[in-house]
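So the chains spell out like this:
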Amino acid sequence: MRTLLIKNVRVLDPSCGRDMLGSILIRDGKIESVEESAEVEGAVLLDGCGLTAAPGLVDMHVHFRDPGQTYKEDLLTGAAAAAAGGVTSVLCMPNTAPAVDSEAGLAYIKEKSEKAKIHIYQAAAITRGLQGKELTDFAELKHAGAAAVSDDGRPVSDDGLMRAALEQAALKGLPVLSHCEDLALAGGVMHEGETSRALGVKGIPAAAEDNATARELSLIQPDGCPLHICHVSTAASFDMIRKAKAEGKRVTCETAPHYFVFTDQKLKGKNANFRMNPPLRTESDREAVIRAIADGTVDAIATDHAPHAPEEKANFVSAPNGVLGLETSLAAGITYLVKPGHITLLRLLELMSTSPARILGISGGTLKPGAPADIILFSMEEKWTVDPEKLHSKARNTPFAGMELTGRVKYTIVGGNVIFNEEAEHHGVHPAD
Ligand SMILES: [Zn+2]
């Protein structure tokens, strides 16, 4: 295979804390070396002047709607959106139609994903058909390639069943991802508060999330399965997770960009592209999200990329929950976390690559020699306006529509191959290979 040399680039590697100006040499799809300067005969050159290189992003919470709802997105358009956002590995949630709860379901994903240019991992269901009644066969799922188990948006409400799931997952070595929501309090249009009352729509109280977070934390055994809590959005849930971590409990958590950028005030315009679950909360919750990111309570930033068709999102009240995220996540992090000084760029990249790879036990998230050459090159300073029509996703439901963000992915490289080149796409220039 060919040799690729990325020169004159700022190299950031959160897996070893590296921040230097130099070159990355890639051979046979793997990183061979990272050095201050390198000259290699016959190598294809990529000039990284003015750009930052980092491990490809790992998004541990996406919905590609495949099989069953491929009019919203499919594994290949989802992968294209990921590539454009600098995401080289994703974990798909199992709430497809049918749900991914068997060897056959995983086999379909595996076969179709081979055509994708990024790495697609799949979470399998905890219960059959996401019905919350009977556990799936974790041994079978693990053997068929499941990277984790989760009932995501249909959380397991039966305490005994969830406890049994954690025991089984520990035995089979499968990470458990939990969407914390007390279903007895679920089913509203947006966060329950002043804005929901002013609009006269049913609210989802913060207690729906907090009750479930408390339940999940209480089920963690000292020597049992580590538990990962998905898309945390409330101040109280972060406080509980922070305390549990201080007590040594084996818990990790993620949040999503929309929770550190927006609040429920955005719903005043009745635009369903600001509706997701958990919902946008209050300004004090948004501040708590940023505090939890800054103090290390948050382990990962994932997008919860949830495509829907425009006609489904047209009605504010009846629209399904979920927003796009893959093509805006890095820029949202740079604009709202790094530029204001809440965290360093190295820490942002850790939250978006090294740490989620570690939680899932998958490769990626590092530029160490021998690692797969999954790399992004981006501009820290370039400003761009989010135009939904230019997204690579099949869907258009981004809450960032029309917003100016700072930070632009220029190249996405997977296994040493350039799979996204922003310049070529917008100016018709083709890379020198
Ligand atoms: Zn969820």
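Residues numbered from 1 in each chain as written. Predicted model: local features only at pLDDT ≥ 70, side-chain atom pairs only at ≥ 80, totals over all residues. Heavy atoms only, no water.

What follows covers the overall build of the protein. When helices and strands are tallied, the protein shows 13 helices and 18 strands. With the C-alpha coordinates of the protein rotated into their principal frame, the extents come out at 65 × 50 × 45 Å. Here the protein holds 433 residues, and the buried ones make up 60% of them. Considering only contacts within the protein whose residues lie at least 6 apart along the sequence, 73% involve residues at least 24 apart. When the accessible surface of the protein is split by element, carbon and sulfur atoms take 50% of a total near 16600 Å². Side chains of the protein give 44 positive and 57 negative charges; the mean places of these two sets differ by 2 Å. (Helix = DSSP H or I, 4+ residues; strand = E, 2+ residues; numbered from the N terminus. Buried < 20%, exposed > 50% of the residue type's maximum accessible area, 1.4 Å probe, protein only. Contact = heavy atoms within 4.5 Å. Areas by Shrake-Rupley, 256 points an atom, 1.4 Å probe, with all protein chains shown as cover. Lys, Arg positive; Asp, Glu negative; His and termini not counted. Charge placed at Lys NZ, Arg CZ, Asp CG, Glu CD.)

Looking now at the coordination of the zinc ion. The zinc ion binds to the protein through Asp 152 (OD), His 179 (ND1) and His 231 (NE2); the donor distances cover 2.1 to 2.3 Å. Of note, the zinc ion draws all its donor residues from one chain, in the sequence arrangement D-x26-H-x51-H. Remark: His 231 occurs in the loop between strand S13 (227-229) and helix H7 (235-246) and His 179 occurs in the loop between strand S10 (176-178) and strand S11 (190-191); sequence separation between them is 52 residues. Among the residues examined, His 231 registers a relative accessible area of 2% and is labelled buried. (Donors = N, O, S within 2.8 Å, 3.2 Å for Na, K, Ca; no water.)

It is worth spelling out the packing of helix H11 (residues 329-338) against helix H12 (residues 345-360) at this point. Helix packing geometry: the angle between the two helix axes and the distance between the axes. It is the contact of H11 with H12, at a shortest axis distance of 10 Å, that shows an interaxial angle of 140°. Considering the angle they form, H11 stands oblique to H12. As H11 runs across H12, the sense of the crossing is right-handed. Across the interface between the two elements, Ser 329, Leu 330, Gly 333, Ile 334, Leu 337 and Val 338 from H11 touch Leu 345, Leu 348, Leu 349 and Met 352 from H12. Of the residues assigned to the contact of H11 with H12, the class counts are eight nonpolar, two polar and no charged. (Axes fitted to C-alpha atoms, helices over the stretch in contact; angles between N-to-C directions. Parallel < 35°, antiparallel > 145°, perpendicular 65-115°, else oblique. Left-handed = near helix turned anticlockwise from the far one by under 90°. Nonpolar A, V, L, I, M, F, W, Y, C, P; charged D, E, K, R; others polar.)

Counted by the stated rule, this structure contains five cavities of 30 Å³ or more. As a volume, the largest cavity reaches approximately 60 Å³. Ile 126, Ser 150, Asp 151, Asp 152, Pro 155, Val 156, Met 162, Leu 177, Ser 178, His 179, Arg 215 and Glu 216 are the residues that line the largest cavity. Put simply, the parts of the chain that give the lining of the largest cavity at least two residues each are S10 and helix H6 (206-219). (1 Å grid on protein atoms, 1.4 Å probe; cavity = no way out; pocket = protein on both sides within 12 Å on 5 of 7 lines; lining within 4 Å. Points joined across faces, edges and corners; volume = space filled by probe spheres on them.)

Moving on to the pairing of strand S18 (residues 417-421). Sheet analysis places strand S17 (residues 404-414) next to S18, joined by four bridges and oriented antiparallel. Opposite Ile 413, over in S18, you have Val 418 as the bridge partner. Turn length for the S17-S18 hairpin, with the two strands adjacent in sequence and antiparallel, is two residues, and the turn residue Gly 415 shows positive phi of about 55°. (Pairing = 2+ DSSP bridges.)

What follows deals with the domain arrangement of the protein. Size of an interface: often given as the accessible area lost when the parts come together. Splitting the protein by domain gives domain 1 (3-53 + 371-427) and domain 2 (56-360). Between the C-alpha centres of domain 1 and domain 2 the distance comes to 26 Å. Taken together, the contacts link 36 residues of domain 1 with 47 residues of domain 2. In this assembly, domain 1 packs against domain 2 so that about 3400 Å² is buried in total across both faces, 69% of it on carbon and sulfur atoms. At the junction of domain 1 and domain 2, the tally comes to two salt bridges. The partner of Glu 381 in a salt bridge is Lys 339, with the nearest N and O atoms 2.8 Å apart. Summed over the shared surface of domain 1 and domain 2, the number is 15 residue pairs in polar contact (both at pLDDT 80 or more). (Domains from an automatic or database assignment. Buried area = accessible area lost by both parts, 1.4 Å probe. Salt bridge = Lys/Arg side-chain N within 4 Å of Asp/Glu carboxyl O. Polar contact = N/O pair within 3.5 Å; in protein donor to acceptor, adjacent residues only side chain to side chain.)

Another point: the nonpolar core. Ranked by size, the top nonpolar core spans 97 residues in total, and within it Val 90, Ile 120, Leu 330 and Leu 348 carry the most contacts. Shared between two domains, this core takes at least three residues from each, and those domains are domain 1 (3-53 + 371-427) and domain 2 (56-360). Ignoring any residue separated from it by four or fewer positions in sequence, one finds Leu 330 in contact with Leu 57, Gly 85, Leu 348, Leu 349, Met 352, Ile 376, Phe 378 and Val 409. (Core = buried A, V, L, I, M, F, W, Y, C linked by side-chain atoms within 4.5 Å.)

A few words on helix H4 (residues 159-172). Along its 14 residues, H4 runs 20 Å from first to last C-alpha, staying within 8% of the 20 Å computed at 1.5 Å per residue. Leu 161, Met 162, Ala 165, Leu 166 and Ala 169 are the residues of H4 that are buried. Projected down its long axis, H4 shows its buried positions confined to an angular sector of 140°, all on one face. At its buried positions, H4 is contacted by helix H3 (138-143), S10, H6 and S13. Sitting at the head of H4, Asp 158 places a side-chain oxygen 2.9 Å from the backbone nitrogen of Gly 160. Looking one or two places after H4, you find Gly 173, whose phi comes out positive at around 70°. (Expected span 1.5 Å × (residues − 1). Arc of directions from axis to C-beta.)

Where H7 meets helix H9 (residues 283-294), the closest approach of the two axes is 8 Å, and the angle between their N-to-C directions is 25°. Taken together, H7 and H9 sit at an angle that is classed as roughly parallel. Of H9, the residues touching H7 (which contributes Ala 235, Phe 238 and Arg 242) are Asp 285, Ala 288, Val 289, Arg 291 and Ala 292. Its residues placed into classes, the contact of H7 with H9 shows five nonpolar, no polar and three charged.

With that settled, consider the side chain of Ser 150. The topology assignment puts Ser 150 in the loop between strand S9 (148-149) and H4. Look past the residues within four positions of Ser 150 in its chain and what remains in contact with it is Met 93, Pro 94, Ala 124, Ala 125, Ile 126, Leu 130 and Leu 177.

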